[in-house]
Amino acid sequence: MNLKTTLGAFALMTVVAMGATAPASGAETTSTVPRLATAHSTGTDGSLSSGQALLGSGNSHFNGNPVTIQTTNSGSLYSLNDPTRPGLSCGPLNGPVFTKTADTWGNGTGTSLETACVDVMFAAQKHWDMLRDWLGRNGVDGAGRFYPASVGLNNVNAYWDGTRAVFGHNSAHTKQLTSLDVVGYQYGLAVYEMSGSDDGNGAEARDLNKSAADIFGTLTEHYVNHPLALDEPDYLIGEEVNTVGTGPLIHMYNPSLTGQQNCYGSLLPPYYGGPQDHWFYLLAEGTNPPGKPASPVCAGPSSLTGIGIQKAARIFHLGLQRKSLGWSYGRARVATMQAAKNLYGCPEMNATKAAWTAIRVPGQVGEPTCSMPTPTPSGTPSPTSPSGPSPSGITVDPPSARVGPGGSITVQIKLSPGTPQQVPLSASGSPAGTAVSIIRDDQSTTAIINVSAGTPQGTYTITFVATSEGSAKTTHFTLIVAGDDD
């Protein structure tokens, strides 16, 4: 389903269209690639260009000056084309990618389209890095691909049309709609579209789609972690661009402040995504987080404690990989509870459940359950297995990935500190035509998942098990087998 996003007076509305590493801080950033590297990429006009990957200097409006952005050099020209993130480029609407003879871009003003592209490139590159470092996702589509951007839309609007992100201006004509959260929002729509399978485009699916974009925009802000003078991390959407002169378009901690729903119930158009925004804030931050806004609850306990934004993000993202026809709040509750249980365990799963209950999404048939282990009485030694090392915990990084038929992915199997590397490992649940090879040495353990060209497309759960006599620990990897056009 291709989606187009329109900026309205109260929120970024989704409508049908035709057609973990530490975050960076401050305005100056570093790149994950060398200054010079031969590369190829696709521009906004679809043409293929070749050249050297460079670190250009940009004068941005929202992200400080100067910022470092990935650019390309070919002959005597530099272009806003990122060959290290295939598909990412920026230029004016209905025009080619910006090019010039110097690798210095923008003038920092809110009305300059070249400056708008500086902000788009910076935000999009950080969005890619956040997906990789926090969520283990390889690009927007999960298979190493990004998408182009166009600026200069003569409208108070920005949208994702299924092939590119397009950005206009605010109602005062003083700023382009290219702040960190708005750029992350538009590409977040693409991540939602390319996760799991078709959602069916029902009323609840459209609301969840809109909210997913809010969440990805917020994650981009938090990953960059700008100081207060810039586009600082918060749970507001569109506050820097001031789209229609009334400040933020949504307050995720209390969507009712801008006319959206805090609680799940009867969802009517236009779809703003308030309930899931509220759920994510409660899961990440709780009801009374220090130094952050308090958040009300609609049902259940009056006080919730957050688990942190990165954990909440991984749970949300892994749950999103289970998206399917008839996607709804109830299904999202089940999917994220299962994701939390698979990724972390009972406390996080129960926190995920409590946050859904707090916005009035009721319990669902078939949702996972989790009982906390009974504590060992004080002074009583814990039982040990008669022989062999006992695994204390196991995780897989990344927890999910999208792989095309005939492709492969390498994941890291991580054992808790103190767990011997020689603990036996096995894998189960891989689809037909897929082979899982576990490779280990004294320092690390990896698994190579090879998907054959004949493997049926779909979403699969591969379970990795660490075992010893009397003890076993499991972790789950979500494999999404899908072609480029799915």
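Residues numbered from 1 in each chain as written. Predicted model: local features only at pLDDT ≥ 70, side-chain atom pairs only at ≥ 80, totals over all residues. Heavy atoms only, no water.

1. Side note on the state of the cysteines
The test is simple: Count a disulfide wherever a pair of cysteine sulfur atoms falls within 2.5 Å. Here a strand is any run of E in DSSP of at least two residues, a helix any run of H or I of at least four, and the numbering for each starts at the N terminus. Only protein chains enter the calculation, and the probe is 1.4 Å; a residue is then buried if its accessible area is under 20% of its type maximum, exposed if over 50%, and partly exposed in between.
In the structure shown here, the tally under the stated rule is 3 disulfides. Here C263 is linked by a disulfide to C298, with a sulfur-sulfur distance of 1.9 Å. Taking the sign of the S-S torsion, -85 degrees for the link of C263 and C298, the bridge is left-handed. In this pair, C263 is assigned in the loop between β15 (250-251) and α4 (274-284) and C298 in the loop between α4 and α5 (309-320), connecting sequence segments 35 residues apart. Assigned by exposure class, C263 and C298 land together as buried.

2. Some points on the packing of helix α3 (residues 203-224) against α4
Operational definition: As a rule, the C-alpha atoms of each element are fitted with a line to give its axis, helices using only the stretch in contact, and angles between N-to-C directions run from 0 to 180 degrees. Reported orientations rely on four angle classes, namely roughly parallel under 35 degrees, roughly antiparallel over 145, roughly perpendicular from 65 to 115, and oblique for the rest. Rotating anticlockwise by less than a right angle from the far helix to the near helix defines a left-handed crossing, while the corresponding clockwise rotation defines a right-handed one. Two residues form a contact once any of their heavy atoms are found within 4.5 Å. Residues are grouped as follows: nonpolar covers Ala, Val, Leu, Ile, Met, Phe, Trp, Tyr, Cys and Pro; charged covers Asp, Glu, Lys and Arg; every other residue, Gly included, is treated as polar.
Viewed as axis vectors pointing N to C, α3 and α4 meet at an angle of 40 degrees, and their least axial separation amounts to 7 Å. As far as their axial angle goes, α4 and α3 are oblique. Note that α3 runs across α4; the crossing there is right-handed. For the pair α3 and α4, the contacting residues are D207, L208, K210, S211, A212, D214, I215 and L219 in the first and G274, P275, Q276, D277 and F280 in the second. Grouping the constituent residues of the contact of α3 with α4 by class yields 6 nonpolar, 3 polar and 4 charged.

3. Focus on the nonpolar core
Note the cut-off: Put simply, buried Ala, Val, Leu, Ile, Met, Phe, Trp, Tyr and Cys residues joined by side-chain atoms within 4.5 Å make one nonpolar core.
Judged by nonpolar contacts, the single largest core of 82 residues is most densely connected at F167, Y187, F216, L219 and F280. If you look at the next biggest cluster of nonpolar residues, it comprises 20 residues, including A401, I409, L425 and Y460.

4. Concerning unusual backbone geometry
Here the bond from N65 into P66 is cis, since omega is -10 degrees, no more than 30 degrees from zero. Non-glycine residue N94 carries a positive phi angle of around 65 degrees. Looking at the element boundaries, N94 is found in the loop between β8 (88-92) and β9 (99-100). Given a relative accessible area of 71%, N94 falls into the exposed group. In this model, N225 sits at a positive phi of 60 degrees, which is unusual for a non-glycine residue. Relative to the helices and strands, N225 resides in the loop between α3 and β14 (236-237). Relative accessible area serves as the criterion here: at 34%, N225 is assigned to the partly exposed category.

5. What about the sheet that holds strand β7 (residues 81-82)?
The condition that has to hold: Pairing between strands is defined by DSSP: at least two bridges between the two strands are required.
If you trace the 5 strands from one edge of the open sheet to the other, you get β7-β8-β11-β13-β12, paired in mixed fashion. What marks the edges here is a single partner per strand, and that holds for β7 and β12 (158-160). The sheet contact formed by β12 and strand β13 (residues 165-167) spans 3 bridges and is antiparallel. Bridge pairing links W160 to A165 in β13.

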